[in-house]
Structure formats: structure tokens, C-alpha cells
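# Survey of secondary and tertiary structure
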Amino acid sequence: MSNPVHDRIQSEVSANDVLLFMKGTPVFPQCGFSAATVGILTNLGVKFKAIDVLKDPEIRQGIKEFSNWPTIPQLYVKGEFVGGCDILREMYEADELAPFLAEKGIILENA
Amino acid sequence: MPMSATEIETMIRQAFPDADVTMTALADDNDHWSAMVTSSAFKGKSRVQQHQMVYAALQGRMGGVLHALSLQTAAKD
């Protein structure tokens, strides 16, 4: 059965190489975990699109089912769910995130 | 009501009986926790899968009553 919210999420995921579902905006994050994730992407110099789930309750609920992941933020790269704040922080601190993104063909301006 | 570290740890141990669970308070409010979970059940699983397994063990509480659990997982032999 098709789910219109999941269809909306899927089209955003397909249209954006690096897509972050977050609370607030990159300039004004509304949650510490979202802020930390933006900080990591910014440090690496990754261009990304952000979707503020606080502005869209359907997406806020829908993304949790879509990804089978209970929390926000959530990062998608080239259509693949990479993880939330903890996983990104772990990859970043292990110097795995930049190679992962580079392998996906994402441009890192600060690499 | 936020969940206590003991409740979180108990639920994780029920799902992963061999798990080593280390709970650390991130704030002095009995609400913000960090959990390090090591279990043989994680062998061969991606990080995303490992975290999904722990979230499943918490039976829907993550993202609800439990909004601020920072999680780290690792496989053990």
C-alpha cells in the first residue's frame, strides 16, 4: 500500500545526495543532537539539504517509520540511511566519515 | 516519567543476556544517559542494525519517554 508521507520522504531522499532530517535549521538547531550533527557536516565542508521536522509533523512521524529509527536527526547519503547523531559522531571520531562520503562521490570542501 | 539507568539496563540485558552494559549520566537529571553496549549478538551487523536491535529491545521507549539516550555499540567474541 502506498503511503503519501513515505512517498514524499522517498522523493526528497532520491533528490538530495546529502539530506539531513533535523530539529530546527542548520543556523538555529533546536536540539543538541541536531546541532552536533550539523557541526560535523560543516566541519567536513559537506553541502547538505536540511529538512526541519518541527515544521512538518507528518514528516517528523513518517521519517521514524521510513527509516525504522526512533529519533531525529537522521542522515541520508545517496539514498542510504547512514545513522543518527551517535553513529555520525562515532564515524567522525574514527576518521571513517570523510572516506565514506568521498567513496560515495560527495565533495568535501575541508578535506 | 523519565527512565532510570537501571530500567534501561534491565531492558537491554533482557534482550541481550551476554551484554556488557555501561551507563553514564550525561546530565544530573536522571534523564540524559549514555549507554555502551557490547554483545555477541552484534557480530556481523552494521552500526545501524546494532542500534536498531537496541532500540527494539527498548520496545518503543526510545524517542518517546526516553528521548536522550546516546548509544554506542560493539560486537564481542
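Description of the structure in this document. Throughout this description, residue numbers start from 1 for each chain and increase along the sequence as written. Chain A is the first chain written and ligand 1 is the first ligand written, with later ones labelled in order. Residues qualify for local features only when their pLDDT is at least 70, as the model is predicted, and side-chain atom pairs are given and counted only at 80 or more; totals for whole chains, interfaces and linings, by contrast, use all residues.

### Considering the nonpolar core
Heads up, the condition is: In this usage, the nonpolar core is the set of buried Ala, Val, Leu, Ile, Met, Phe, Trp, Tyr and Cys residues whose C-beta atoms join them within 7 Å. The exposure scheme places C-beta atoms from the backbone and then counts, for each residue, the other C-beta atoms within 10 Å of its own, assigning buried at 20 or more, exposed at 12 or fewer, and partly exposed in between. Each helix corresponds to a stretch of at least 4 residues labelled H or I by DSSP, and each strand to a stretch of at least 2 residues labelled E; elements are numbered beginning at the N terminus. Contact criterion: two residues are in contact if their C-beta atoms, reconstructed from the backbone, are within 7 Å.
Ranked by internal contacts, the top residues of the largest apolar core, which has 26 residues, are A:Leu20, A:Phe21, A:Met22 and A:Val53. Every element with two or more residues in this core is listed here: strand S1 (18-22), helix H2 (32-44), strand S2 (49-52), helix H3 (57-67), strand S3 (74-77), helix H4 (85-93) and helix H5 (97-103) of chain A. For this core, the leading source of residues is S1(A), giving four residues. Ignoring anything within four residues of it in the chain, the contact list for A:Met22 reads A:Pro29, A:Ser34, A:Thr37, A:Val38, A:Ala50, A:Asp52, A:Val53, A:Ile72 and A:Pro73. One finds B:Phe16, B:Trp33, B:Leu58 and B:Leu69 within the second-largest nonpolar core, a separate group that totals 17 residues.

### Focus on the packing of helix H1 (residues 4-15) of chain A against H3(A)
Residue and element names in this part refer to chain A. As a reminder of what qualifies: For every element, the axis is a line fit to its C-alpha atoms; helices are fit only across the contacting stretch, and the angle between N-to-C directions ranges from 0 to 180 degrees. Convention used here: angles under 35 degrees read as roughly parallel, angles over 145 as roughly antiparallel, angles from 65 to 115 as roughly perpendicular, and any remaining angle as oblique.
Where H1 meets H3, the closest approach of the two axes is 9 Å, and the angle between their N-to-C directions is 80 degrees. In this view, H1 runs roughly perpendicular relative to H3, as classed from their interaxial angle. Contact residues: Val5, His6 and Ile9 in H1; Glu58, Ile59, Gly62, Ile63 and Phe66 in H3.

### Considering the interface of chain A and chain B
Taken together, the nine residues of chain A in the interface contact 10 residues of chain B. When contributions to the side of chain A that touches chain B are tallied by element, the ones reaching two or more residues are strand S4 (80-83) and H4 of chain A. When residues of the side of chain A that touches chain B are assigned to their parent elements, the largest contribution, three residues, is made by H4(A).

### Focus: the sheet that holds strand S3 (residues 69-75) of chain B
Residues and elements named next belong to chain B. Keep this limit in mind: One requirement defines pairing of two strands: DSSP has to find at least two bridges between them.
Sheet architecture is open: three strands sit in the order S1-S2-S3, paired in mixed fashion. Looking along the sheet, the strands with just one partner apiece sit at the ends: strand S1 (20-25) and S3. Along the sheet, successive strands turn relative to each other by an average axial angle of 15 degrees, direction set aside. Examined bridge by bridge, S1 and strand S2 (residues 33-39) share six bridges and lie antiparallel to one another. The residue bridging Ala25 from the neighbouring strand is Trp33, located in S2.

### Some remarks on the sheet that holds S1(A)
Residue and element names in this part refer to chain A. Spatially, the four strands line up as an open sheet ordered S2-S1-S3-S4, and their pairing is mixed. Among the strands making up the open sheet, the edge pair consists of S2 and S4. Strand-to-strand twist across the sheet, computed as the mean angle between neighbouring axes with direction ignored, equals 25 degrees. When S3 meets S4, the two strands line up antiparallel, connected through three bridges. Looking across to S4, one finds that Val77 is bridged to Glu80.

### Thoughts on the pairing of S3(A)
Residue and element names in this part refer to chain A. Burial along S3 is two-sided: the residues Gln74 and Tyr76 and Leu75 and Val77 are all buried. Where S1 lies against S3, four bridges are found, and the strand directions are antiparallel. Looking across to S3, one finds that Val18 is bridged to Val77. Taking the residues that link successive antiparallel strands as the turn, the S3-S4 hairpin has two residues, and the phi of Lys78 there is positive, at about 50 degrees.

### Let's talk about the environment of A:Asp17
Residue and element names in this part refer to chain A. Following the sequence through the fold, Asp17 ends up in the loop between H1 and S1. Given 18 C-beta atoms within a 10 Å radius, Asp17 is considered partly exposed. Not counting the four nearest positions on each side in its chain, Asp17 is found in contact with Val77, Lys78 and Ile106.

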